[in-house]
Amino acid sequence: MRSLITAITLTMASGLAMAEPAALLRDSELRANPRNDAALVQTLKGKAVVDITSRQGAWAQVKTTDGKTGWVRVLNLRTGSGQKGEAGLGTLASVFKTGSSGNTVSTGVKGLSEEKLKTAQPNEEEAKRLDRQKTTDSDARQYARQGKLGSQQVNYLPEGKE
């Protein structure tokens with residue numbers, strides 16, 4: 001038992017078990033720090049494979065296949081966590097590293113005050129950035145098929161039943 005604990009500790013300390021593989025869902029900005037205004041390291045192509053080395057809020061620190069490191073939005077990543085056949089030392093390591101197995105992720109959004117809503121102004125640059133991140137119908141259908149998702153018709157609420 002002592003040998004097993006020593007082996008796990010050494011493996012985790014070496015960093016080998018800490019990386020969690022992930023694929024980018026879309027083209028994503030690799031930032032120097034976990035902030036939207038941080039320096040841009042490079043733009044990563046959608047479907048590129050990276051290793052997640054740590055997480056901070058809605059950001060994940062990743063290492064690319066060419067050795068560059070930086071931060072990307074967690075929502076732009078797809079991991080194998082929780083998928084059939086995924087288990088082992090990497091999952092165990094992520095429990096020690098992040099406090100969970102990675103099967104559940106949540107993000108939060110701060111509310112806006114009434115004053116900020118009344119004085120809100122459009123941000124054309126952000127609107128353009130959002131347009132660049134949209135997905136095609138074909139990619140959405142492929143993603144749904146991979147996740148074994150199906151469509152379901154939802155009827156509108158009757159008038160006055162809001």
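For the structure itself, consult the block above.
Quick caveat: nothing in here was measured; it's all calculated off a predicted structure. (Residues numbered from 1 in each chain as written. Predicted model: local features only at pLDDT ≥ 70, side-chain atom pairs only at ≥ 80, totals over all residues. Heavy atoms only, no water.)

A. Region of the structure containing the overall build of the protein chain. Within the protein chain, the regular secondary structure consists of five helices and seven strands. Burial analysis of the protein chain (162 residues in total) assigns 16% to the buried set. Within the protein chain, contacts between residues at least 6 apart in sequence are counted, and of these 50% link residues at least 24 apart. Split by element, the accessible area of the protein chain, about 12600 Å² in all, is 52% carbon and sulfur. (Helix = DSSP H or I, 4+ residues; strand = E, 2+ residues; numbered from the N terminus. Buried < 20%, exposed > 50% of the residue type's maximum accessible area, 1.4 Å probe, protein only. Contact = heavy atoms within 4.5 Å. Areas by Shrake-Rupley, 256 points an atom, 1.4 Å probe, with all protein chains shown as cover.)

B. Local environment of the pattern of salt bridges. Going through the model one piece at a time under the given rule, you end up with five salt bridges. Notably, a salt bridge pairs arginine 35 with aspartate 37, separated by 3.0 Å at the nearest N-O pair. Residue classification places arginine 35 among the partly exposed positions, given a relative accessible area of 43%. Residue classification places aspartate 37 among the exposed positions, given a relative accessible area of 62%. Lysine 118 serves as the salt-bridge partner of glutamate 114, at 3.1 Å between the closest nitrogen and oxygen. In this pair, glutamate 114 and lysine 118 both sit in helix H3 (residues 114–118), four residues apart, roughly one turn of the helix. For the pair glutamate 114 and lysine 118, a shared accessibility class is recorded, and that class is exposed. (Salt bridge = Lys/Arg side-chain N within 4 Å of Asp/Glu carboxyl O.)

C. Main features of a nonpolar patch on the surface. The grouping of Leu25, Tyr143 and Leu149 at the surface amounts to a nonpolar patch, some 280 Å² of accessible area in total. As for its position among the elements, leucine 149 is in the segment after helix H5 (137–146). On the basis of relative accessibility, which here comes to 56%, the residue leucine 149 falls in the exposed class. (Patch = residues over 30% accessible without salt bridge, like charges linked within 9 Å, V, L, I, M, F, W, Y side chains within 5 Å.)

D. Representation of the side chain of glutamate 20 in the model. Within the element layout of this structure, glutamate 20 appears in strand E1 (residues 20–24). A distance of 2.6 Å separates the side chain of glutamate 20 from the side chain of arginine 55, its partner in a polar contact. (Polar contact = N/O pair within 3.5 Å; in protein donor to acceptor, adjacent residues only side chain to side chain.)

E. Focus on the nonpolar core. Membership of the largest hydrophobic core is limited to 11 residues, which are Ala22, Leu24, Leu30, Leu44, Val50, Ile52, Ala60, Val62, Val72, Val74 and Leu77. Those elements giving two or more residues to this core turn out to be E1, strand E4 (49–56) and strand E5 (59–64). Beyond its immediate stretch of four places on either side in the chain, alanine 22 contacts Ala48, Val49, Val50, Ile52, Leu77, Arg78 and Thr79. (Core = buried A, V, L, I, M, F, W, Y, C linked by side-chain atoms within 4.5 Å.)

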